[in-house]
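So you can see what is in the structure, the chains are spelled out below.
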Amino acid sequence: MSMGTRAAVAASFNMSLDRKCVCPLVITHGGDQTVLSSKFQDRSNPAVARNYGDALLRFAERIPDGLVVFFPSYAYMSDIVSFWQDNAVLNELQERKLVFVETQDPVEASLAIANFRKGCDSGVRSRR
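Bear in mind that the values here come from a model prediction, so they are computed numbers and not experimental data.

Our focus in this paragraph is the environment of Ile 27. Within the secondary structure layout, Ile 27 lies in the segment before helix H1 (46–62). With residues near it in sequence (within four places) discarded, Ile 27 still touches Leu 36, Ala 55 and Phe 59.

Before going further, it helps to examine helix H3 (residues 89–96). Along an α-helix, residues three or four apart share an orientation, since each turn contains 3.6 residues. Residues Val 89, Leu 90, Leu 93 and Gln 94 constitute the buried set of H3. Take H3 and look down its axis: the buried residues cluster within an arc of 130°, on one side only. Looking at the buried side of H3, the elements it contacts are H1 and helix H2 (74–86).

It is worth spelling out the side chain of Lys 97 at this point. Within the secondary structure, Lys 97 is located in the loop between H3 and helix H4 (106–122). In this structure the side chain of Lys 97 is engaged in a polar contact, spanning 2.4 Å, whose partner is the backbone oxygen of Ile 63.

Our next topic: the environment of Asp 54. Among the secondary structure elements, Asp 54 is positioned in helix H1. Along the sequence, Asp 54 and Trp 84 sit 30 residues apart, while their C-alpha atoms lie 9.7 Å from each other.

Here the focus is the packing of aromatic side chains. All told, the structure shown has two aromatic pairs when counted by the stated rule. Centre to centre, the rings of Phe 71 and Tyr 76 are 6.3 Å apart; their planes meet at 70°, and the pair counts as edge-to-face. Through a chain of ring-to-ring contacts, three or more aromatic side chains come together here, namely Phe 71, Tyr 76 and Trp 84. Arg 43 extends its terminal NZ or CZ atom over the ring of Tyr 76, reaching a point 4.9 Å from the ring centre.

Turning next to unusual backbone geometry. At Gln 33, a position not held by glycine, the phi torsion is positive, near 70°. Tracing the backbone through its elements, the reader meets Gln 33 in the segment before H1. For Gln 33, a relative accessible area of 56% translates into the label exposed. Backbone geometry at Ala 88 places phi at a positive 65°, although glycine is not the residue there. By the secondary structure assignment, Ala 88 is in the loop between H2 and H3.

The rules behind the values
Residues numbered from 1 in each chain as written. Predicted model: local features only at pLDDT ≥ 70, side-chain atom pairs only at ≥ 80, totals over all residues. Heavy atoms only, no water. Helix = DSSP H or I, 4+ residues; strand = E, 2+ residues; numbered from the N terminus. Contact = heavy atoms within 4.5 Å. Buried < 20%, exposed > 50% of the residue type's maximum accessible area, 1.4 Å probe, protein only. Arc of directions from axis to C-beta. Polar contact = N/O pair within 3.5 Å; in protein donor to acceptor, adjacent residues only side chain to side chain. Phe/Tyr/Trp six-rings, centres within 6.5 Å; stacked < 30°, edge-to-face > 60°. Lys NZ or Arg CZ within 6 Å of the ring centre and 35° of its normal.

Structure representation (C-alpha cells):
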C-alpha cells in the first residue's frame, strides 16, 4: 500500500556479522518504571535519557564484545549522547566498552563500523 511517498536511501552500510550473536531488544520501561519511548514529545524528558543510559550500562556489564544502539535520528542521538556525557554515563560505559558514535559522514561511519568489528574480534573492552 503506497501512501504517496517514495523511500530514498542516502547511504547504506553492510552491518552483517560473521557470528550468530545478535539479540535485538526493545526496552519499554526503565529501572524506575519510566515509560521509555523515542516519540518526539518524550525526547526532552531527562528520565528517559537517564533510564536508557542505565539500561545500556547494565547490558555492557553482562554482554561480551559489542553493543549497537540505534536512535531514530542523528539529532536525537546527539541529544542523548550529550546528556550521557554530562551525567557520566559515557565515562562509565567507556570503562567497559569501546565507544564509537556514528556520524553522517559515510567515510567516518565506515571507519567506525570497521573499528567496532575489530574491537569485537580482538576482545578489546575499553580505551582505558
